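Residues per chain are reported as follows:
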Amino acid sequence: MVSKWGKVKLALGLNLCTYVPKKTLDENDDSGSSTVSESERHSGAALISPATADWDVAPATPRSRVLKLSKSLSRSSKKTCSICLASMKRGDGHAIFTAECSHSFHFQCIASNVKHGNQVCPVCRAEWKEIPLQFPSLDPPIGRARVNPVDWPQNNALMTVIRRLPTTRPTPNRHISPLFQAPEPAIFDDDESLGHQLNSTEKSASDKSSIDGCESCDNRKVKIETYPEVPAVSRSSASDNFTVLVQLKAPGSVSVQEPGKNQVNLSQVSQMHRAPVDLVTVLDISGSMAGTKLALLKRAMGFVIQNLGPNDRLAVIAFSSTARRLFPLRRMSETGRQQALQAVNSLVANGGTNIAEGLRKGAKIMEDRKEKNSVTSIILLSDGQDTYTVSNNSGSRQQQPNYKLLLPLSIHGGNSSGFKIPVHAFGFGADHDASSMHSISEISGGTFSFIETEGVIQDAFAQCIGGLLSVVVKELQVSIECLHPGVRLSSLKAGSYPNRLMSDGHMGTIDVGDLYADEERDFLASINIPTESSCAETSLLKVKCVYVDPFTKEKVSIRSEDLRIKRPEKAGQESVLIEVDRQQNRVRVAEAMAQARAAAEKGDLVGATSILENSRKLLSESQSAKSHDRLCVALDAELKEMQERMASRNVYEASGRAYILSGLSSHSWQRATARGDSTGGSSLVQAYQTPSMAEMVTRSQATLLASPSAQRNVRPVWSFASQPKPR
């Protein structure tokens, strides 16, 4: 019996064909008769055999080995349709199409594949002369001739095969457009209904929650902790810059436990009692994505599709010079998954890069849908720069492009606080526009990840959806209120989260939004401490959280205990609490990263590396660093990596900028992003990775077809040490 992942590999064409460069074949075949066609090299579907996978240099493959692999796969593919994964038997009511390359498919499956623009065999990538087509007319399109079908009933006018006619002249460098593309509706209100049935796992979790009583209810709430900078201040002393740490922790994900069995395993993670997701993926299929990049993107999308639950809905937008809806918003049932896999497998790379058009279409899906799941998000992946909407005047470094033009109003919400649709952006490779991708994510409330090595794209997606599939808190808002009449708030350090202070300084608020299971948020409030005449303690502040429980749809309100400090007659020199010191380090390091990036953008790499070095020195002198705090160790490792990526202008342009921006995104939202090896279990730079994210990354790594060491080169091909020193 074929496993689910086996079916995905089969559907995506993984380990079914070997991409052999023309040069390799010429070297191994003196006759020179075997070559790989130009259309095959640029179709974006030529995949790498797992036996010979190497993401940097493909080894030479003898022609005899390729033929042997092709023959063995031809025999196995005759029994199963490689597109829908269902068996093929003659006489079972399904027409079967056998191509000139000898591979067979259900006619309806392969006709749909052709409709999406694929005119090569999904198995061996052979370019077909005769193309299966479901067409409402018996008259073939211009430039095609009809061929009488031989393998299905003749009385079905919707089934036909057309043959390419020779072109009058070659058309090099033209943009390939998908043929027979179904017209898109004017309004995307064809989203599949959510339904109101809970699956058995959710029912069990719901029943379990209802009978566990108050203790279980308390475990399902956000926890609030407050820490003063020091526990005591003498009565005669006053402070204008006293730091208070406000720490929030989301509840863990609900998993089902049956008597006598261990906790739910990874294969059940998508069936956990959690908030269902509406996810739109906006994927770059420009010409630069052709080959291995697109093949790995298809595999990563296959992983996402297989890990969405039946209550989650997915839509796919593909963009190059223009954008099209490849797959409408559908529930990821077994049928939905097969259709989504088929749609993703039809992707062909060509054209330019129009990010704005892709985002507009993705936002339109969200706007036009008839029903809404409680969690909404967009995943954007691109390896290039948008040259259609935003252009930077190369003659002026000072004038920054208006990246807000890339975002529809429904995504960034105009000038209002909060965000409607977060965009989690993934910059792919050395040529993407890190500044625009970071701006898109920052404006929308999403994160920016830097995929430096092609092979880690699936892990990066896995980490992201591991979070999205574990949302336990919605629309969280935090309010901080001063208790003592002489205490006032002077500032809130909340990263990128919108925050406000009342004019009198008596109260401040922070809009946090959604939280994943087990996520923590740490905010630093700066207040003044007045002198006390006789009281033994001073009440400083209290914290209130209001949010929506995505399971019950009810509004939840919780309050912290009042924060007080002791006021003795005399207080000795006390050390800053380790909890507060740790977060002060995090904020200072993030500020240093932003300053270093600003200096580097002005061309001052020496100044940028000096800023980072000074930050490392201050970090090493802190109390938490001296106690080998894990977060401080990670911050130091990150600062050191950023210094190396500023070794020269070339290194900074290729990877330094993207690495720093991804780090800034991570610290400003206190949420895990992918950069370098940050998704791996051995990485130091994973301070915000939740258990759900880590579990999904583990599952992704377990499904990788090739050796992880071949895919996880966390540095560019050059050596930082060999680069000239910054000037």
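It should be emphasised that the depicted structure is a prediction, and the values quoted were computed from it without experimental measurement. (Residues numbered from 1 in each chain as written. Predicted model: local features only at pLDDT ≥ 70, side-chain atom pairs only at ≥ 80, totals over all residues. Heavy atoms only, no water.)

**Comments concerning the sheet that holds strand β6 (residues 223–228)**
Heads up, the condition is: Strand pairing is assigned whenever DSSP detects at least two bridges linking the two strands. Think of it this way: any DSSP run of H or I at least four residues long counts as a helix, any run of E at least two long counts as a strand, and we number them from the N terminus. Angles run from 0 to 180 degrees between N-to-C directions of axes, and those axes are lines fitted to C-alpha atoms, restricted for helices to the stretch in contact.
The four strands are arranged β6-β7-β18-β15 in an open sheet whose pairing can be described as antiparallel. Here the strands that pair on one side only, and so sit at the sheet edges, are β6 and β15 (489–493). Each neighbouring strand pair of the sheet contributes to a mean axis angle of 20 degrees, computed without reference to strand direction. Here strand β7 (residues 239–249) pairs with strand β18 (residues 520–529) via nine bridges, running antiparallel. From the neighbouring strand, valine 246 faces β18, where its bridge partner is phenylalanine 523.

**What to know about the pairing of strand β12 (residues 423–428)**
How we decide: Partly exposed residues are those whose accessible area sits between 20% and 50% of the maximum for their type, while under 20% is buried and over 50% is exposed, using a 1.4 Å probe and protein chains only.
Most of β12 is tucked away: six of the six residues are buried. Both faces of β12 are covered, namely the face carrying Val423, Ala425 and Gly427 and the face carrying His424, Phe426 and Phe428. As paired strands, strand β11 (residues 375–382) and β12 are joined by five bridges and run parallel to one another. Within the sheet, the bridge partner assigned to serine 382 lies in β12 and is glycine 427.

**Some remarks on helix α18 (residues 649–669)**
Residues spaced three or four apart along an α-helix face the same direction, because each turn holds 3.6 residues. For clarity, the cut-off: Expected span, for any helix, means 1.5 Å times one less than how many residues it has. The quantity called bend is, for any residue, the angle between two axes fitted respectively to the seven residues ending at it and the seven beginning at it.
Over its 21 residues, α18 runs 28 Å from end to end, which matches the ideal 30 Å to within 8%, given 1.5 Å per residue. When the local axis directions of α18 are compared, the greatest deviation, roughly 50 degrees, occurs at serine 655. Buried residues dominate α18, accounting for 18 of its 21 residues. Directly beyond the C-terminal end of α18, a positive phi value near 55 degrees is found at glutamine 670.

**Considerations on the packing of aromatic side chains**
Quick reminder of the rule: Ring pairs are drawn from Phe, Tyr and Trp, using the six-membered ring of Trp, whenever the two centres fall within 6.5 Å, and their geometry is named by plane angle: stacked under 30 degrees, edge-to-face over 60, tilted for the rest. A ring is considered to have a charge above it if a Lys NZ or an Arg CZ atom is located within 6 Å of its centre and within 35 degrees of its normal.
Summed over the entire model, instances satisfying the criterion amount to three aromatic pairs. With a centroid separation of 5.0 Å and 70 degrees between ring planes, the pair formed by phenylalanine 426 and phenylalanine 461 is classed as edge-to-face. Residue phenylalanine 426 is located in strand β12, and its partner phenylalanine 461 is located in helix α13 (residues 457–468); the two are separated by 35 residues in the primary sequence. Note on tyrosine 497 and tryptophan 669: the rings are 5.0 Å apart at their centroids and 90 degrees apart in plane angle, and the pair reads as edge-to-face. With tyrosine 497 in the loop between β15 and β16 (499–501) and tryptophan 669 in helix α18, this residue pair connects regions lying 172 residues apart in the sequence. For tryptophan 669, a relative accessible area of 5% puts it in the buried group. Connected via pairs of aromatic rings, a cluster forms that spans Tyr497, Phe523 and Trp669. The ring of phenylalanine 428 carries the charged tip of lysine 293 above its face, separated from the ring centre by 5.6 Å. Lysine 364 extends its terminal NZ or CZ atom over the ring of phenylalanine 188, reaching a point 5.5 Å from the ring centre.

**Focus on the sheet that holds strand β13 (residues 448–451)**
Remark on secondary structure: sheet strands pair via backbone hydrogen bonds, oriented parallel or antiparallel. The condition is simple: Contacts between residues were defined by any pair of non-hydrogen atoms, one from each residue, lying within 4.5 Å.
One open sheet holds the six strands; their spatial order is β10-β9-β8-β11-β12-β13, and the pairing between them is mixed. Only two strands of the sheet have a single partner each, and these edge strands are β10 (323–331) and β13. Here the average twist between neighbouring strands, direction ignored, is 15 degrees. Across four bridges, the pairing between β12 and β13 is parallel. For phenylalanine 428, the partnering residue across the bridge sits in β13 and is isoleucine 451. The sheet contacts of helix α12 (residues 434–444) involve β11, β12 and β13, and relative to β12 the element is tilted by about 170 degrees.

**Brief notes about the pattern of salt bridges**
What counts, and what does not: By salt bridge we mean one thing: a side-chain nitrogen of Lys or Arg within 4 Å of a carboxyl oxygen of Asp or Glu.
This model, assessed by the stated rule, comprises 26 salt bridges. In this structure, the salt-bridge partner of arginine 369 is aspartate 278, at a minimum N-O distance of 2.6 Å. With a gap of 91 residues between them, arginine 369 in the loop between α10 (355–368) and β11 and aspartate 278 in strand β8 (residues 277–284) connect regions that are remote in the sequence. Across this residue pair, the class does not change: arginine 369 and aspartate 278 are buried. The shortest N-O distance in the salt bridge between arginine 671 and glutamate 519 comes to 2.7 Å. Remark: glutamate 519 occurs in the loop between β17 (507–516) and β18 and arginine 671 occurs in the loop between α18 and α19 (691–703); sequence separation between them is 152 residues. Assessed through its relative accessible area of 9%, arginine 671 is described here as buried. Salt bridges linked by common partners bring Asp191, Asp278, Arg313 and Arg369 together as one network.

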